[in-house]
Amino acid sequence: MVVRNKITIKEFQKMKDEGEKITMISAYTFPIARILDEVGIDSILVGDSLGMTVLGYENTLEVTVEDIIRHSQAVSRGSKRSLIIGDMPFLSFGVSIKETTINAGRLVKEGRCEAVKLEGGRERIEDVKAIKAIGIPVLGHIGLTPTYINMFGGFKVQGKEEAAAKRLIEDAKMLEEAGIFGVVLESIPWKLAKEISENLSIPTIGIGAGEFCDGQVLVVDDLIGLTPILKPKFVKKYSNVQEVIRKSVQEYNKEVKEGVFPSEDQRYD
Ligand code: KIV
């Protein structure tokens, strides 16, 4: 494995060109960012998924620009090497190009993000160009884009029918031509993700899009087993942190009730 220093969008492109897989994790806090950075995760996405994982919302629609700024500040304090990408939440784009640009700028200026992620296909071309024109790299996101949840009628796999697949292939190419530095492919059939990855010269980052993408992203709470809700098929749970926390807290509760904690070891003379 090549050891790379500070990851920028240039390293993203190099990794695609050299066939090295890119690792990305959605995370929102200082202590987790420190661990991801130390381990060598290439990029931390301060995703609007924080609405569901951290804030307990049903979907991502209520997440605000201020939420992303607050959490990306925390992440940036914990990370030296990973590329930090801030997610553009619902209504921070799509109203006017001016507002989109200002919101992207706030994620960089106030949130210390180094790039932003923007959901949507051909309808986002002008936004991508405007954000890029002020010096902010843009990561695209197509397939199952959670800010469009009410249009999709739920968290469903996208691009299964031929026309929808063709549209996603075209969208990816149009976004590449508009200047994105990479694109997230979420919940689409693996063969379609493979075709898009081969069609583009920029890297694709998959989530529920199979193994042929140039990189992968997972939400940290899902991969460590902290998410309380049912896990989607594409998630691999690497540990069961929910159980670790439950057991620790149960033990603490019992020990305090029984007068076992604190003991002599935890008191001052
Ligand atoms: O919000 C998020 O964390 C995301 C990733 C799952 C791609 O959009």
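Everything here concerns the structure above.
Residues numbered from 1 in each chain as written. Predicted model: local features only at pLDDT ≥ 70, side-chain atom pairs only at ≥ 80, totals over all residues. Heavy atoms only, no water.

A. Here's a closer look at the overall build of the protein. Counting secondary structure elements, the protein contains 11 helices and 8 strands. A compact globule built from 269 residues should have a C-alpha radius of gyration of about 18 Å, and the protein, at 20 Å, falls within 12% of that. Taken along its principal axes, the extent of the C-alpha atoms in the protein is 70 × 40 × 40 Å. Of the roughly 14300 Å² of accessible surface on the protein, a fraction of 56% belongs to carbon and sulfur atoms. Each charge sign in the protein was given a centre, from 36 positive and 40 negative side chains, and these centres are 1 Å apart. (Helix = DSSP H or I, 4+ residues; strand = E, 2+ residues; numbered from the N terminus. Rg over C-alpha atoms; globule rule 2.2 N^0.38 Å. Areas by Shrake-Rupley, 256 points an atom, 1.4 Å probe, with all protein chains shown as cover. Lys, Arg positive; Asp, Glu negative; His and termini not counted. Charge placed at Lys NZ, Arg CZ, Asp CG, Glu CD.)

B. Expanded view of the pattern of salt bridges. All chains considered together, the criterion is met by 16 salt bridges. The closest approach of N and O atoms between Asp171 and Arg122, which form a salt bridge, is 2.6 Å. Linking Asp171 in helix H8 (residues 162-178) with Arg122 in the loop between strand S4 (115-119) and helix H6 (125-133), this pair joins segments that are 49 residues apart in sequence. A relative accessible area of 6% places Asp171 in the buried class. The shortest N-O distance in the salt bridge between Glu176 and Lys173 comes to 2.8 Å. With Glu176 and Lys173 both in helix H8 and 3 residues apart, this pair spans about one turn of that helix. Overall, the relative accessible area of 31% leaves Lys173 in the partly exposed class. Shared partners join several salt bridges into a network, and the residues in it are Arg122, Lys166, Glu170 and Asp171. (Salt bridge = Lys/Arg side-chain N within 4 Å of Asp/Glu carboxyl O. Buried < 20%, exposed > 50% of the residue type's maximum accessible area, 1.4 Å probe, protein only.)

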